[in-house]
Amino acid sequence: IRESATLTRDVLEQHFNDLKGTLKKLLDERLVSLLQEVDTIEQESIKPLDECQKLIEHGVSTADDLLREGESAVHGDVGQENEKLCSFTKKALHIQLDSLPEVPSLVDVPCLSAQLDDCLLTILKNQIFRHGTVASRPPVQLEEFVEKPGGILVRWCKVDEDFVPQDYRLQYRKSTASHFEDVYVGSETEFIVLHIDPNVDYQFRVCARGDGRQEWSPWSVPQIGHTTLVPHEWTTGLEGYSLSSRRNIALRNDSQSCGVLYSKAPTYSCGQTLTFRQVLCGPDRRDSLGVCVEQQNGYDSLQRDKAVCISTNGAVFVNGKEMTNQLPAVTSGSTVTFDMEAVQLGPSSTEGGNFKLRVTISSNNREVVFDWVLDQCCGSLYFGCSFSYPGWKVLVF
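Residues numbered from 1 in each chain as written. Predicted model: local features only at pLDDT ≥ 70, side-chain atom pairs only at ≥ 80, totals over all residues. Heavy atoms only, no water.

**Focus: the overall build of the chain**
For step 1, the next point in the chain: Each helix and strand in the chain was counted, giving three helices and 21 strands.
For step 2, the next point in the chain: Relative to a compact globule of 397 residues, whose C-alpha radius of gyration would be 21 Å, the chain shows 45 Å and is clearly more extended.
For step 3, the next point in the chain: For the chain, the proportion of its 397 residues judged to be buried stands at 31%.
For step 4, the next point in the chain: For the chain, the proportion of contacts with a sequence separation of at least 24, taken over those separated by at least 6, is 60%.
For step 5, the next point in the chain: In the structure as shown, the chain presents an accessible area of about 24,900 Å², 52% of it carried by carbon and sulfur atoms. (Helix = DSSP H or I, 4+ residues; strand = E, 2+ residues; numbered from the N terminus. Rg over C-alpha atoms; globule rule 2.2 N^0.38 Å. Buried < 20%, exposed > 50% of the residue type's maximum accessible area, 1.4 Å probe, protein only. Contact = heavy atoms within 4.5 Å. Areas by Shrake-Rupley, 256 points an atom, 1.4 Å probe, with all protein chains shown as cover.)

**A word on the sheet that holds strand 3 (residues 165-174)**
For step 1, the next point in the chain: Taken in spatial order, the four strands of this open sheet run 4-3-6-7, and their pairing is antiparallel. Each end of this open sheet is capped by a strand with a single partner; those strands are strand 4 (181-186) and strand 7 (223-225). Between one strand axis and the next, the sheet turns through 30° on average, direction left out of account.
For step 2, the next point in the chain: Sheet topology places strand 6 (residues 202-210) next to strand 7; three bridges connect them, and they run antiparallel. Paired with Phe204 across the bridge in strand 7 is Gln223. (Pairing = 2+ DSSP bridges. Axes fitted to C-alpha atoms, helices over the stretch in contact; angles between N-to-C directions.)

**Thoughts on the sheet that holds strand 2 (residues 151-158)**
For step 1, the next point in the chain: Within the open sheet, the three strands sit side by side as 1-2-5. Their pairing is antiparallel. In this open sheet, the two edge strands, each paired with only one partner strand, are strand 1 (140-148) and strand 5 (190-193). The average undirected angle you get between the axes of adjacent strands in this sheet is 20°.
For step 2, the next point in the chain: Here strand 2 pairs with strand 5 via four bridges, running antiparallel. Looking at strand 5, one finds that Leu153 is bridged to Ile192.

**Remarks on the UniProt feature "coiled-coil region" (unreviewed entry) in the chain**
For step 1, the next point in the chain: Annotation from UniProt places "coiled-coil region" (unreviewed entry) at residues 9-44.
For step 2, the next point in the chain: As annotated, residues 9-44 has a helix share of 100% and a strand share of 0%, and its two end C-alpha atoms lie 53 Å apart. (UniProt positions renumbered as here; feature names shortened; annotations may be inferred.)

**Brief notes about the pattern of salt bridges**
For step 1, the next point in the chain: Applying the stated rule across the entire model yields twelve salt bridges.
For step 2, the next point in the chain: Between Lys174 and Asp197 there is a salt bridge, with its nearest N and O atoms 2.9 Å apart. A residue pair is termed long-range when its members are at least 10 positions apart, and Lys174 in strand 3 and Asp197 in the loop between strand 5 and strand 6 qualify at 23 residues.
For step 3, the next point in the chain: Judged by its relative accessible area of 34%, Lys174 falls in the partly exposed class. (Salt bridge = Lys/Arg side-chain N within 4 Å of Asp/Glu carboxyl O.)

**Notes on the packing of aromatic side chains**
Ring pairs (aromatic) are described by centroid distance and by the angle formed between their planes.
For step 1, the next point in the chain: Applying the stated criterion across every chain yields a total of twelve aromatic pairs.
For step 2, the next point in the chain: Seen from their ring centres, Tyr184 and Phe191 are 4.9 Å apart, and the 25° between their planes marks the pair as stacked.
For step 3, the next point in the chain: Ring geometry for Tyr241 versus Phe387: centroids 6.4 Å apart, planes at 55°, classification tilted. Taken together, the positions of Tyr241 in strand 8 (residues 241-243) and Phe387 in the loop between strand 20 (380-386) and strand 21 (393-396) put the pair 146 residues apart, joining distant regions of the chain. For the pair Tyr241 and Phe387, one class covers both residues: buried.
For step 4, the next point in the chain: The structure contains a cluster of three or more aromatic residues connected by ring pairs, namely Phe145, Tyr172, Tyr202 and Phe204.
For step 5, the next point in the chain: Here the guanidinium or amino end of Arg205 rests over the ring plane of Phe180, the centre of that ring lying 4.1 Å away.
For step 6, the next point in the chain: Residue placement shows Arg252 over the ring face of Tyr241; its charged tip is 5.5 Å from the ring centre. (Phe/Tyr/Trp six-rings, centres within 6.5 Å; stacked < 30°, edge-to-face > 60°. Lys NZ or Arg CZ within 6 Å of the ring centre and 35° of its normal.)

**Notes on the confidence of the model for the chain**
For residues with low pLDDT, the predicted coordinates do not support detailed interpretation.
For step 1, the next point in the chain: Per-residue pLDDT for the chain has a mean of 84; in total, 91% of the residues score no lower than 70.
For step 2, the next point in the chain: Contacts of residues 348-352 to residues separated by more than four positions or lying in other chains number seven contacts, the stretch itself having pLDDT below 50. (pLDDT = per-residue confidence, 0-100.)

**Digging into the pairing of strand 15 (residues 315-318)**
For step 1, the next point in the chain: The two faces of strand 15 match: Ala315 and Phe317 on one face and Val316 and Val318 on the other face are all buried.
For step 2, the next point in the chain: Inspection of the sheet shows strand 14 (residues 307-311) paired to strand 15 by three bridges, in the antiparallel sense. Residue pairing in the sheet places Ile310 in a bridge with Val316 of strand 15.
For step 3, the next point in the chain: What sits between the antiparallel neighbours strand 14 and strand 15 is a turn of three residues, in which Gly314 has the positive phi angle 95°.

**Description of unusual backbone geometry**
For step 1, the next point in the chain: With phi around 60°, Asn199 is a residue other than glycine that occupies positive phi space.
For step 2, the next point in the chain: Assignment of secondary structure puts Asn199 in the loop between strand 5 and strand 6.
For step 3, the next point in the chain: Of note, the phi angle at Lys306 is positive, near 60°, even though the residue is not glycine.

**Some points on the nonpolar core**
For step 1, the next point in the chain: Counting residues in hydrophobic clusters, the biggest one holds 35 residues, and the most contacted among them are Phe338, Met340 and Trp372.
For step 2, the next point in the chain: Discounting chain neighbours no more than four positions away, the residues touching Met340 are Tyr268, Cys270, Gly271, Gln272, Val291, Val308, Leu357, Arg358, Val359, Trp372 and Leu381.
For step 3, the next point in the chain: Phe163, Tyr168, Tyr172 and Val206 belong to the second-largest nonpolar core, a separate cluster that totals 16 residues. (Core = buried A, V, L, I, M, F, W, Y, C linked by side-chain atoms within 4.5 Å.)

Pasting the structure below:
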């Protein structure tokens, strides 16, 4: 509580200090803009009036000079009087003393003022008083971590009954890393995070966005998850297939060589979910994918003994025999899952007698369930695929 309270205080203080700085900057910029507007209007409006004033002052000065010259002519000597009067008369005739520049009406002359609406303070006050909230707990929390081969299934849930979520945002980081990174944004409440190193701690956190809102909620309490299961990998070296750098994606290439591509090791165990996701697909009905007890070379399909698989047309094979139940055809974008659990047949079931696995294969929102009888206990199984034509691309996790 103390740690989160201290962090919340720091966040609030930093946020409001940033707001103060931003508001001061904006107000200063607005003040400068208004003052520049005043200067522009003043300069543009005063220029013609200054010119008019100069003309009037020049006319008054000329009339004053002429008046003094007339007074001098009247009071001068008798001999010079006629000459001065003649000169005065000539000047008076050439100077238009009754001519004045056009002076604008007083109502047409700009009179500057500032209009400052006090409602801005009211608006700001209302917005500021509603800005920010303090929550005693986030509206969503992490609920469960489920180990997956090379991944972690993360589940979360809503803990605030009044909160209506629109989207969730999941982040994670290695415990040694400094920054979280987005791994999922969407409306689901669970997500499988892949590319997880086994036996390494990762921190996860989740937040949500309310319906119709843009901002995200506070983050949930970070929690640590890890997996002890090594990632599923296809085996390398088979001529007909190319693998991704993490060896979890297999692509059927143009090679004429064919055969079954198996997993590197028997990494699939009962109680787990094995998922195949198709990116591209091909047309041959012997193209199939599934699980098997052991690697057996020399076959061009998984439709054989000690294996269960689904072909691209949706047919399900158990130990090489086709079942009557059929699933939808596997197409580009399809996801096929295998779930298995051991069925106890009695004390001798693991001592050389029959061993039964209950298998569920799901594809395109449909599933088949059946019992797979083996002659020995199998805790771990291989997975595999067999494609005849190039173009197949399958991700396993």
